Amino acid sequence: MANPTATRPPQPWTAPTATDPVDLGVHLPGSKSITARALVLSALADGPSTLHLPLRARDTELMAAGLRNLGIGVSTNDDNRWVVRPQPLRGPAHVDVGLAGTVMRFGPPVAGLTDGPVTFDGDPVARTRPLGPLLGALRALGVRLDVAPTGGLPLTVHGTGRVAGGEVTIDASASSQFVSGLLLAAPRFDRGVVVRHQGPPVPSAPHLRMTTRMLRAAGAAVDDGTPDVWTVEPGRLSGREWDIEPDLSGAVPYFAAALVTGGRVTLRGWPRNSAQPVDQLRTLLHQLGGQVTLDAEGLTVRGTGTVHGIDADLSEVAELTPAVAALAALADSPSKLRGVAHIRGHETDRLAALARELTGLGADVTETSDGLDIRPRPLHGGGFETYHDHRMAHAAAIVGLAVPGVELSDVTCTAKTQPEFPALWSAMVAGD
């Protein structure tokens, strides 16, 4: 008999409202983006690798499980130390991508190297996320695929144990992950790869720099000196120790809490030399009214309790759009957020969702072709649909700091990248 709780809808969660400035020093889990890339590079290496302080969350566990299904030894028993032992890639196999863009875009290039068919599918919403440019590139590089009529999931990669590789031109304006997925597997391709982007600007450029930086750290020969062209030579990847730095995107809601409440939040253990876009975030938080410092204690954000409206191109830090939009709804002047048309293809159409939900709380929000215009008005409590999207839940929680009665339809979606978010957020607001 089926478990009656398996399909039970989640209970609404009322975001806690702050009565005092928050004061939080916290060690947050590792970066999702770095953990995912380290897992792939370790799986394709010549020897074992260890990931120190990785992120344990739904997306990264799906990546680990997918690699395991392809024959790779991935031990995640120790939360703080994951060990990857490469083995010959094999099929037939199935990979559940959930709703993880990293799994659905990094997995198929790896699957081309397997000896046998590999199927990919995930949550219903995952079938709507863009994949076409990546799959077209894989075909051009010699990989045989069966793809759903929609051009995305579900799909089957018919691995033959090798990928010819070579030169390919794609439009990666919908996701930088199209390029990263090809580059991460390219050292194992017979001829490596040359990827040329042709189209509107590639979003989230810092994530591409993260990819090339980590490839070099694993021993790959990478040339990214020409704009919109990336070359990875065929060669061996080395097993190594990966130190996973804290997740900057996961820290942003807490930094936002410092701005809204006039408090202080320190992300402890932050490295001096980060692979994540900390400089862009520092500039953004300063414009919003915060002070940002990096010292031996960690990365600290202080607020005054007043948030300023901004005019910002968020194309390089698009994953921060929901949190910034929430801050803009609480600001003292209008905001214009630009450069993020591609986030319509994320876990949900984030621009439409943010406009709809913030408007429902009383804000004046207009969708534009590539962003949002937000004019602050007095806000009130009410329901806030999260659309199975962790970033939407973060946005609602930020608004709830200043607006009593903001009720999230589902806070459990934050388990995608931070399972402890509801408890940690509530404790922060309570001053525990």
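Before any of the text, the structure's been laid out above.
Just so you know, the residues in each chain are numbered from 1, in the order the chain's sequence is written. Side-chain atom pairs in this predicted model are given and counted only at pLDDT of 80 or more, local residue features only at pLDDT of at least 70, and totals for whole chains, interfaces and linings cover all residues. Values reported for side chains reflect all heavy atoms of the structure, with hydrogen atoms and water molecules removed beforehand.

For helices, the fitted line uses only the C-alpha atoms of the stretch in contact; every axis is such a line through C-alpha atoms, and the angle between N-to-C directions lies from 0 to 180 degrees. Numbering of helices and strands runs from the N terminus, with a helix taken as a DSSP run of H or I at least four residues long and a strand as a DSSP run of E at least two residues long. Packing of helix α2 (residues 58–69) against helix α3 (residues 101–111) leaves a shortest axis separation of 9 Å and a crossing angle of 25°. As summarised for this structure, α2 and α3 are arranged roughly parallel, according to the angle between their axes. Crossing of α2 against α3: the hand is right-handed. Along the contact surface, α2 presents Asp59, Leu62 and Met63, while α3 presents Thr102, Val103 and Phe106. Note on residue classes: Ala, Val, Leu, Ile, Met, Phe, Trp, Tyr, Cys and Pro are nonpolar, Asp, Glu, Lys and Arg are charged, and everything else, Gly too, is polar. A breakdown of the residues in the contact of α2 with α3 according to their chemical character gives 4 nonpolar, 1 polar and 1 charged. What sets the label is the angle itself: under 35 degrees gives roughly parallel, over 145 gives roughly antiparallel, 65 to 115 gives roughly perpendicular, and the rest give oblique. Handedness of a crossing is defined here by the sense of rotation of the near helix relative to the far one, left-handed for an anticlockwise turn of less than a right angle and right-handed for a clockwise turn. Residues count as neighbours in contact if any of their non-hydrogen atoms are within 4.5 Å of one another.

Turning next to the pairing of strand β16 (residues 291–295). Inspection of the sheet shows β16 paired to strand β17 (residues 298–302) by 5 bridges, in the antiparallel sense. Residue pairing across strands places Asp295 opposite Gly298, the latter belonging to β17. DSSP bridges decide pairing: two strands pair if at least two such bridges lie between them. Hairpin geometry of β16 and β17 is characterised by an intervening segment of 2 residues between the two adjacent antiparallel strands.

Right, let's talk about the environment of Thr417 for a bit. Within the fold, Thr417 resides in the loop between β23 (406–408) and α12 (421–430). On the basis of relative accessibility, which here comes to 10%, the residue Thr417 falls in the buried class. Considered as a pair, Thr417 and Arg391 are 26 residues apart in the sequence and their alpha carbons are 9.6 Å apart. Excluding its chain neighbours within four sequence positions, the residues that come into contact with Thr417 are Lys32, Leu55, Ala57 and His390. Distance and chemistry together define a polar contact, namely a pair of N or O atoms within 3.5 Å, with one atom able to donate a hydrogen and the other to accept it when in protein, and with adjacent residues in sequence counting only for side-chain atoms on both sides. A distance of 2.8 Å separates polar atoms of two side chains, one belonging to Thr417 and the other to His390. The buried label applies to any residue whose accessible area, calculated with a 1.4 Å probe on protein chains only, is under 20% of its type's maximum; exposed applies above 50%, and partly exposed to all values in between.

In this section: the packing of aromatic side chains. The aromatic pairing rule takes the rings of Phe, Tyr and Trp, using the six-membered ring of Trp, and pairs them if the centres are within 6.5 Å, calling planes under 30 degrees apart stacked, those over 60 edge-to-face and the rest tilted. On inspection of all chains with the given rule, the structure shows 3 aromatic pairs. An aromatic cluster of three or more residues is present, and its members are Tyr254, Phe421 and Trp425.

Further remarks concern unusual backbone geometry. At the junction of Gly91 and Pro92, the peptide bond is cis and its omega measures out at 0° in the coordinates. A positive phi angle, near 60°, is found at Tyr387, a position not held by glycine. In this structure, Tyr387 sits in the loop between β22 (382–384) and α11 (390–402). Non-glycine residue His388 carries a positive phi angle of around 60°. Residue placement: His388 occurs in the loop between β22 and α11.

One can find Glu167 in strand β10 (residues 166–170). The spatial distance from the C-alpha of Glu167 to the C-alpha of Val194 is 4.5 Å, given a sequence separation of 27 residues. In contact with Glu167, other than residues within four places in its own chain, are Leu141, Val194 and Arg196. Reaching out from Glu167, the side chain makes a polar contact with the side chain of Arg196 at a distance of 3.4 Å.

Moving on: the pairing of strand β3 (residues 49–52). Pairing of β3 with strand β5 (residues 81–85), which is carried by 4 bridges, proceeds in the antiparallel orientation. Residue Thr50 lies in a different strand from β5, and its bridge partner there is Val83.

In terms of burial, α3 is a largely internal element, 11 of the 11 residues being buried. Taken together, the buried positions of α3 are occupied by Gly101, Thr102, Val103, Met104, Arg105, Phe106, Gly107, Pro108, Pro109, Val110 and Ala111.

On to the sheet that holds β10. Taken together, 4 strands build an open sheet; the order of strands is β10-β11-β13-β12 and the sheet is mixed. Of all strands in the sheet, those with a lone pairing partner are β10 and β12 (222–223), marking the two edges. Sheet topology places strand β11 (residues 193–197) next to strand β13 (residues 229–232); 4 bridges connect them, and they run antiparallel. Of the residues in β13, the one forming a bridge with Val195 is Trp230.

So, on to the sheet that holds β5. Taken in spatial order, the 4 strands make up an open sheet running β4-β5-β3-β14, and their pairing is mixed. The open sheet has two edge strands with one neighbour each: β4 (73–78) and β14 (241–243). Pairs of neighbouring strands in the sheet enclose a mean axial angle of 15°, with direction left out of account. As judged from the 3 bridges shared by β3 and β14, these two strands associate in the parallel manner.

What we call a nonpolar core is a set of buried Ala, Val, Leu, Ile, Met, Phe, Trp, Tyr and Cys residues that are connected through their side-chain atoms within 4.5 Å. One finds Tyr254, Phe255, Val406 and Trp425 to be the most contacted residues of the largest nonpolar core, which totals 76 residues. It is helix α7 (residues 248–261) that provides the largest number of residues to this core, a total of 10 residues. Of all hydrophobic cores here, the second largest spans 73 residues; its members include Val95, Leu99, Leu215 and Leu237.

We now examine the environment of Val143. Locating Val143 in the fold gives a position in the loop between α4 (132–140) and β8 (144–147). Residue Val143 is classed as buried on the basis of its relative accessible area of 6%.

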